[in-house]
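So you can see what is in the structure, the chains are spelled out below.
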Amino acid sequence: MPHLAIDHLTKIYERGKVLALDDVSFSVDKGEFLVLIGLSGSGKSTLLRCINRLIEPTSGRVFLDGTELTALPQRELRRWRRKIGMIFQQFNLVKRSTVLANVLAGRLGYVPTARTLLGRFPREDLERARRALERVGLLEKMFVRADQLSGGQQQRVGIARALMQEPELLLADEPVSALDPATSHSILKYLEQMNRQDGVTVLCALHFLSLARRYGTRIIALKGGRIVFEGSPSEIDDAKFKEIYGEEAEQVEVR
Amino acid sequence: MERKQSRSRSAEQPPIPLTARVLSFFLDWSIWGYIAYGTVYLLNHYWYVAYIDWYGRLTLPWWGWPVVVIATFELALLSHSFGHSLGMRAMGLMPAAEGLDRPALRKRRLRHFLASHISIMPLGIGVWASPSEPWHERLSGLRLVRLPQREEWITPPPRWYRTEWGIMTLAILGLTVTLGWHVTGIHLRVLIAGAARPARLWQGLTHPDFTFLIYSDPWLNDSIVGALIESIFMALLATIFGAGIAFVLSFFGARNIMAGSLPGLIVYGLTRGVFNIFRSIESILWALIFAVWVGWGPFAGTLALFIHTIAALGKLYSEQTEHIDPGPLEAIAATGGSRIEVIRYGVVPQIVPPFLAFTLYRWDINVRMATVVALVGGGGIGRLFFYYKDQLDWAKVGAIIVAIGLVVWLLDYISGRVREKIV
Ligand SMILES: Nc1ncnc2c1ncn2[C@@H]1O[C@H](COP(=O)(O)OP(=O)(O)OP(=O)(O)O)[C@@H](O)[C@H]1O
Ligand SMILES: [Mg+2]
């Protein structure tokens with residue numbers, strides 16, 4: 001049984017009647033580092049958000065470890081979301097809160113609501129936050145407001161927040177699009193480390209093919225909401241590349 | 001020649017809806033009616049050419065009204081045929097004919113104008129009979145089309161003050177200001193000539209009498225400082241309780257929080273409606289109500305400020321909540337947080353600093369309002385103010401004004417500094 005299975009997923013946005021995902025099916029095994037590529041507007045963000053149902057798909061099903069996420073009531077869904085970490089292109093930190101508060105938010109699914117509303121997290125969660133921040137090298141920034149950090153540091157806080165969930169699956173929506181090449185690599189190395197050491201399955205949308213080749217164990221390419229390529233990174237030759245990105249596209253190397 | 005017509009690459013267009021046509025025409029007609037009325041009013045003011053009664057109603061001889069109606073109608077037709085009138089502009093329309101030079105175009109416009117008389121004049125028969133291409137357009141070859149969208153422009157449009165609708169707007173604005181000048185009875189001469197009359201008042205105000213600054217006035221049983229403290233407390237309590245309730249209500253009045261379900265949207269609409277209605281009722285009216293309800297005094301004033309504060313802050317808070325960054329909300333929902341946790345960890349940290357700033361600002365306003373509320377029995381410093389004013393004791397009034405000014409300035413300064421720190 002695959003870890004994650006996507007079955008005929010379709011999403012039509014009511015506003016504007018946009019067909020963002022068109023009958024997408026694929027599956028992911030445990031421990032894979034799957035990279036989604038495709039032009040802007042090809043449906044990468046929509047696909048990732050349909051998996052943890054931040055966006056409700058119009059039709060189709062999503063299975064995680066054999067459980068149909070798309071059939072779960074809200075309460076159950078929240079319990080399953082704990083296992084699915086997510087990091088974002090714009091980092092999505094609460095800018096006015098401290099780094100620690102942002103990281104602790106990763107435990108919201110585990111701690112009873114009555115406690116979190118008072119802001120009282122268990123001691124072991126504080127310890128966990130410390131370890132997560134240490135891992136991304138931001139221990140000394142623990143009590144700094146998130147908006148005081150650079151983009152790369154903010155994304156590392158985002159990773160620490162995902163680490164707090166102790167996820168089995170990590171969804172990353174263009175985690176490095178707002179960052180420079182050197183920082184991009186350092187962020188993606190954290191994802192690679194999570195993938196290799198902790199055995200977290202990673203689904204990562206990326207813009208650059210060179211990054212996708214460097215980090216992905218498998219690549220899925222979307223175009224106009226459909227899968228146009230699925231295979232190993234080495235299989236993407238010039239012809240395939242033109243098919244995915246269009247005739248005029250040039251490859252850009254990000255080192 | 002080319003320029004005016006081919007400002008856009010207009011492709012084949014869907015027909016202009018009948019309502020847009022009719023509305024644009026009636027708009028133009030009423031604009032010309034307004035201009036005619038205003039002009040007559042002004043003419044009358046200077047030369048007595050018509051009779052205007054005490055209520056400002058214009059009275060014309062029996063043949064006058066048909067003349068006005070027909071004349072304005074003709075003017076509306078003219079402006080419709082010869083360019084972009086304000087009415088057409090408002091409906092996003094303009095008359096156009098492809099590829100003509102200027103004299104030919106002018107001829108067509110004239111034909112359009114004349115044909116309008118058989119098409120529009122008999123109760124718009126030519127329009128009702130063929131709404132997609134009325135008779136006068138068919139006869140003249142000048143068609144009403146949509147104004148080109150910005151993306152379709154190929155030459156820059158003329159500056160607004162060189163277009164017909166621009167000039168019309170300017171004329172209306174000028175006429176309105178002139179009319180307003182007469183209606184509100186502004187007389188600069190009187191303003192200057194009467195400057196010496198309130199001399200005793202000036203004298204009193206500039207020589208404030210601080211006898212009862214700290215000692216109580218035996219008649220009122222209150223001193224200026226005592227009453228000021230009362231006012232500040234009124235404002236403070238109204239702000240604190242009002243802000244607390246507004247905070248809770250503001251979530252129901254924020255579209256991004258309530259959207260997603262029909263009941264949510266209904267609650268949103270109701271909350272916003274209540275905010276708007278309560279806000280549009282001045283606190284002095286609330287004070288009037290509460291003065292009857294709980295009796296004269298600071299309690300009534302506090303209640304009045306409280307109600308107004310809820311509405312005003314509630315609206316500001318809701319709007320602030322609508323403008324937060326949705327990213328963190330998404331992130332917290334993704335970790336498995338419940339709806340209320342999303343609000344606690346995603347929304348609240350984003351809105352608390354601006355809320356504090358608004359609240360301080362509101363306290364400021366409430367202190368100022370607390371003085372006025374006394375006019376109808378709200379208590380506080382205003383009570384002293386209106387008492388001395390009725391006694392024509394201008395020196396004591398002056399003292400109160402100085403005291404209020406000082407306190408308001410101080411609060412303004414402090415809250416300004418604190419707000420800077422917070423936001
Ligand atoms: N909330 C929405 N309402 C309506 N249409 C939307 C919405 N979000 C996305 N779309 C449309 O759905 C399509 C897919 O968008 P999506 O954001 O998934 O693409 P993407 O591959 O993530 O692009 P990018 O690389 O720019 O992030 C686009 O055509 C977009 O315009
Ligand atoms: Mg995207």
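Rules behind the numbers
Residues numbered from 1 in each chain as written. Chains lettered and ligands numbered in written order. Predicted model: local features only at pLDDT ≥ 70, side-chain atom pairs only at ≥ 80, totals over all residues. Heavy atoms only, no water. Near = heavy atom within 4 Å. Polar contact = N/O pair within 3.5 Å; in protein donor to acceptor, adjacent residues only side chain to side chain. Areas by Shrake-Rupley, 256 points an atom, 1.4 Å probe, with all protein chains shown as cover. Helix = DSSP H or I, 4+ residues; strand = E, 2+ residues; numbered from the N terminus. Contact = heavy atoms within 4.5 Å. Salt bridge = Lys/Arg side-chain N within 4 Å of Asp/Glu carboxyl O. Nonpolar A, V, L, I, M, F, W, Y, C, P; charged D, E, K, R; others polar. Buried < 20%, exposed > 50% of the residue type's maximum accessible area, 1.4 Å probe, protein only. Pairing = 2+ DSSP bridges. pLDDT = per-residue confidence, 0-100. Phe/Tyr/Trp six-rings, centres within 6.5 Å; stacked < 30°, edge-to-face > 60°. Axes fitted to C-alpha atoms, helices over the stretch in contact; angles between N-to-C directions. Core = buried A, V, L, I, M, F, W, Y, C linked by side-chain atoms within 4.5 Å.

Undergrad: Requested: an account of the site of ligand 1, with residues and values cited.
TA: Residues and elements named next belong to chain A. Not every one of the 14 residues close to ligand 1 is listed here, only the nearest: Ser40, Gly41, Ser45, Thr46 and Glu174. Here an oxygen atom of ligand 1 sits 2.5 Å away from a polar atom, N or O, in the side chain of Ser45. Glu174 places a polar side-chain atom, nitrogen or oxygen, 2.8 Å from an oxygen atom of ligand 1. When isolated, ligand 1 has an accessible area of 630 Å², and the protein chains bury 67% of it. Listing elements by their share of the shell around ligand 1, those giving two or more residues are strand E2 (18-28) and helix H1 (44-51).

Undergrad: Residues and numbers for the interface of chain B and chain A, please.
TA: The interface is formed by 22 residues belonging to chain B together with 28 residues belonging to chain A. Across the contact surface, chain B and chain A share two salt bridges. Linking chain B with chain A are nine residue pairs in polar contact (both at pLDDT 80 or more), by the criterion used here. Every element with two or more residues in the side of chain B that touches chain A is listed here: helix H16 (327-334) and helix H17 (339-373) of chain B. Ranked by residue count, the leading element in the side of chain B that touches chain A is H17 of chain B, at nine residues. For the side of chain B that touches chain A, the class distribution of residues is 11 nonpolar, seven polar and four charged.

Undergrad: Could you give me a rundown of unusual backbone geometry, with the residues and numbers involved?
TA: Its identity as a non-glycine residue notwithstanding, His8 of chain A has a phi of 50 degrees, on the positive side. For His8 of chain A, the location among the structural elements is in strand E1 (residues 4-13).

Undergrad: I'd like a description of the pairing of strand E3 (residues 93-96) of chain B, backed by residues and values.
TA: Residues and elements named next belong to chain B. Side-chain alternation along E3 places Leu93 and Pro95 on one buried face and Met94 and Ala96 on a second face that is also buried. The sheet contact formed by E3 and strand E4 (residues 143-146) spans four bridges and is antiparallel. Pairing of Met94 across the sheet is with Val145, part of E4.

Undergrad: Explain the confidence of the model for chain B residue by residue, including any values.
TA: Residues and elements named next belong to chain B. Mean pLDDT over chain B stands at 85; residues scoring 70 or higher make up 95%. Within chain B, no element has a lower average pLDDT than helix H1 (residues 2-5), which sits at 41, and none a higher one than H16, at 94. Between residues 1-11, whose pLDDT stays under 50, and residues either more than four places distant or in other chains, the model counts 25 contacts. Scoring the predicted complex yields pTM 0.71 and, for the interface, ipTM 0.91.

Undergrad: Can you break down the packing of aromatic side chains residue by residue, with the values?
TA: Residues and elements named next belong to chain B. Under the defined criterion, the tally for this structure stands at 17 aromatic pairs over all chains. With 5.3 Å between their ring centres and 85 degrees between their planes, Phe247 and Phe251 make a pair best called edge-to-face. Residue Phe247 and its partner Phe251 are located together in helix H11 (residues 224-252), separated by four residues, close to a single helical turn. The partly exposed category is assigned to Phe247, whose relative accessible area is 29%. Ring centres of Tyr317 and Phe355 lie 3.8 Å apart, and the angle between their planes is 10 degrees; this geometry places the pair in the stacked category. Taken together, the residues Tyr317 in helix H15 (residues 298-322) and Phe355 in helix H17 connect sequence positions 38 residues apart. Phe355 gets classed as buried once you look at its relative accessible area, which sits at 4%. Each member of the aromatic cluster is reached from another via a ring pair, and the members are Phe25, Phe26, Trp29 and Phe73.

Undergrad: Outline the sheet that holds strand E9 (residues 218-223) of chain A, listing residues and values.
TA: Residues and elements named next belong to chain A. Pairing in this open sheet of six strands is mixed, and the strands run E6-E7-E8-E3-E9-E10 from one edge to the other. Each edge of the sheet is formed by a strand with only one pairing partner; in this case those strands are strand E6 (84-87) and strand E10 (226-231). Pairwise comparison of adjacent strand axes, ignoring direction, gives a mean angle of 15 degrees for this sheet. As paired strands, E9 and E10 are joined by five bridges and run antiparallel to one another. Looking at the pairing, Ile219 lines up with Gly231 of E10. The strands touched by H1 are strand E3 (33-37), E6, strand E7 (169-173), strand E8 (201-205) and E9; relative to E7, the strand with the most contacts, the crossing angle is about 150 degrees.

Undergrad: Which residues make up the nonpolar core, and what values do they have?
TA: Membership of the largest hydrophobic core comes to 73 residues, with the highest contact counts inside it found for Ile37, Ile159 and Leu191 of chain A. Look past the residues within four positions of Leu191 of chain A in its chain and what remains in contact with it is Phe33, Ile87, Ile159, Leu170, Ala172, Pro175, Val202 and Cys204 of chain A. Ranked by size, the runner-up nonpolar core spans 31 residues in total, among them Leu21, Leu47 and Leu69 of chain A together with Ala334 of chain B.

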